[in-house]
Amino acid sequence: MTAIRKFPDLLPGFSWRDIEVNGVRIRTATGGNGPPLLMLHGHPQMHLTWHKVAPALAKRFTIVAPDLRGYGDSAKPEGGTDHANYSKRAMAADLVGVMHQLGFERFMVVGHDRGGRVAHRMALDAPQSVEKLVLIDIAPTATMYARTNMEFARRYFWWFFLIQPA
């Protein structure tokens, strides 16, 4: 069992726990009271990316801020030959499982960047669980790659590292 790092100065009133789901350990911060709101971070961040807004939102909502698998303090399983362990579908299933283990069958979701892609997949795969959806700072992947040119490649060169074999 990994020691749980806590960040009370950044997320006052929140608690941290590890939740096992789909054979993966997901580090999760929770706080507040009210309707459940799942907050998904972008790449290469972790749940603390929400530290400026989560405490304010916790006054009206129960905030659940996990680290996606492979990020922060969540487990980092092998990707597999087809990288399916890091697909948006696998990550979305993890987080639906986390929310259900916390007792939330239906919930709202906000996702930024990579978290937005995971949230979009979640809404498609588990519409019975996603009550409302907000996607922040995300452009359609297929459109981005279809319009890739040298200028884009220079400005976002690290994207191309992500598609290389391990």
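These figures come from a predicted structure and were not determined experimentally.

Visitor: Would you take a moment to explain the nonpolar core for this structure?
Guide: In globular proteins that are soluble, nonpolar side chains generally tend to be buried together. Ranked by size, the top nonpolar core spans 24 residues in total, and within it L38, L40, L95, F107, V109 and M122 carry the most contacts. Broken down by secondary-structure element, the contributors of at least two residues to this core are strand 1 (15–21), strand 2 (24–32), strand 3 (36–40), helix 2 (88–101), strand 5 (107–112) and helix 3 (114–125). When residues in this core are grouped by element, the largest group, 6 residues, is from helix 2. Setting aside chain neighbours within four positions, we find L38 in contact with V64, P66, L95, M99, F107, M108, V109, V110 and M122. With 17 residues, the next largest nonpolar core counts A29, L37, M46 and W50 among its residues.

Visitor: Sorry, what's going on with the pairing of strand 6 (residues 130–136) here?
Guide: Two faces make up the sheet, and in a regular strand the side chains alternate between them. Strand direction decides the pairing type here: strand 5 and strand 6, joined by 6 bridges, are parallel. Directly across from V109, in strand 6, lies its bridge partner L133. A crossover connection joins strand 5 to the parallel strand 6 through helix 3; in handedness this β-α-β unit is right-handed.

Visitor: Hey, could you run me through the sheet that holds strand 1 in this one?
Guide: Strands belonging to one sheet form pairs held by backbone hydrogen bonds; the direction of such a pair is parallel or antiparallel. Spatially, 6 strands are ordered 1-2-4-3-5-6 in an open sheet, and the strand pairing comes out mixed. Strands at the two margins of the open sheet, each flanked by one partner only, are strand 1 and strand 6. Going across the sheet, the axis of each strand differs from the next one's by a mean of 25 degrees, ignoring polarity. In the sheet, strand 2 pairs with strand 4 (residues 62–66) via 5 bridges, with the strands oriented antiparallel. Looking at the pairing, T30 lines up with V64 of strand 4. Most of the contacts of helix 2 go to strand 1, to which it runs at about 115 degrees, and overall it touches strand 1, strand 2, strand 3, strand 4 and strand 5.

Cut-offs applied
- Residues numbered from 1 in each chain as written.
- Predicted model: local features only at pLDDT ≥ 70, side-chain atom pairs only at ≥ 80, totals over all residues.
- Heavy atoms only, no water.
- Core = buried A, V, L, I, M, F, W, Y, C linked by side-chain atoms within 4.5 Å.
- Buried < 20%, exposed > 50% of the residue type's maximum accessible area, 1.4 Å probe, protein only.
- Helix = DSSP H or I, 4+ residues; strand = E, 2+ residues; numbered from the N terminus.
- Contact = heavy atoms within 4.5 Å.
- Pairing = 2+ DSSP bridges.
- Right-handed = clockwise from strand over helix to strand, strands pointing away.
- Axes fitted to C-alpha atoms, helices over the stretch in contact; angles between N-to-C directions.

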